[in-house]
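Structural description and commentary
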Amino acid sequence: MASSEAQPRFGQSVKGLLSEKVGSCSGDVIALTRQVLKGSRSQELLGQAARNMVIQEDAILHSEDSLRKMSIITTHLQYQQEAIQKNVEHSKNLQEQLRHLLK
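Note that residues are indexed from 1 along each chain, following the sequence as it is written. In keeping with the model being predicted, local features are shown solely for residues with a pLDDT of at least 70 and side-chain atom pairs are shown and tallied solely at 80 or more, while totals for entire chains, interfaces and linings include all residues. In computing side-chain values, all of the structure's heavy atoms are included and hydrogens and water are not.

Short version of the rule: UniProt positions are given in the numbering used here, feature names are shortened, and annotations may be inferred rather than shown by experiment.
Going by an unreviewed UniProt entry, the protein chain carries the name BLOC-1-related complex subunit 7 and comes from Astyanax mexicanus. Listed under Sequence similarities (unreviewed entry) in UniProt, the entry text for the protein chain is "Belongs to the BORCS7 family." The UniProt entry for the protein chain carries the following text under Subcellular location (unreviewed entry): "Lysosome membrane".

**Digging into the pattern of salt bridges**
Here the idea is simple: oppositely charged side chains can pair when their charged atoms come close. In plain terms, the rule: The term salt bridge refers to a pairing of a side-chain nitrogen on Lys or Arg with a carboxyl oxygen on Asp or Glu at a separation within 4 Å. A run of H or I in DSSP becomes a helix once it reaches four residues, and a run of E becomes a strand once it reaches two; helices and strands are each numbered from the N terminus. Residue burial is assigned from relative accessible area. The probe radius is 1.4 Å, only protein chains are included, and a residue is buried under 20% of its type maximum, exposed over 50%, and partly exposed in between.
One pass over the full model with this rule turns up 3 salt bridges. In this structure, Arg68 engages Asp65 in a salt bridge whose closest nitrogen and oxygen atoms are separated by 3.3 Å. On the criterion of helical spacing, the pair formed by Arg68 and Asp65 is a turn pair, its members being 3 residues apart in helix α1 (residues 2-102). A relative accessible area of 45% means that Arg68 is categorised as partly exposed. A salt bridge links Asp65 to Lys69, with the nearest nitrogen and oxygen atoms 3.4 Å apart. One end of the pair, Asp65, and the other, Lys69, are both in helix α1, 4 residues apart, so they sit about a helical turn from each other. One salt-bridge network, held together by shared partners, links Asp65, Arg68 and Lys69.

**Examining a nonpolar patch on the surface**
Condition: Put simply, a patch holds well-exposed residues, over 30% relative accessible area, that have no salt bridge, with like charges counted together within 9 Å and Val, Leu, Ile, Met, Phe, Trp or Tyr side chains within 5 Å. In this description, accessible areas are obtained by the Shrake-Rupley approach with a 1.4 Å probe, and a residue is regarded as covered only by the protein chains that are shown.
Taken together, the side chains of Leu98, Leu101 and Leu102 make up a nonpolar region of the molecular surface, amounting to roughly 390 Å² of accessible area. Within the secondary structure, Leu98 is located in helix α1.

Next comes the structure, spelled out in structure tokens:
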């Protein structure tokens, strides 16, 4: 009879150990799932960062092009300003010559 009593105890302890192992494995599966999801989220963030970087690069290139065009326009405006100043000086000279002629 002693062996028949030991068998249920042994069976119960095996069931208990098995239950613990199943619980432990379930915890490990949950932890693994979290890690996979975290890795997936990291990939999403990296992808979004790469897309944002491309957008920023395009904006920088566009800004650089705009600055180059503004520099050209500034140079042309300076030439025009110089030409206007020369014309103003010439018109002052012409006004003085006309005054002398009319005297």
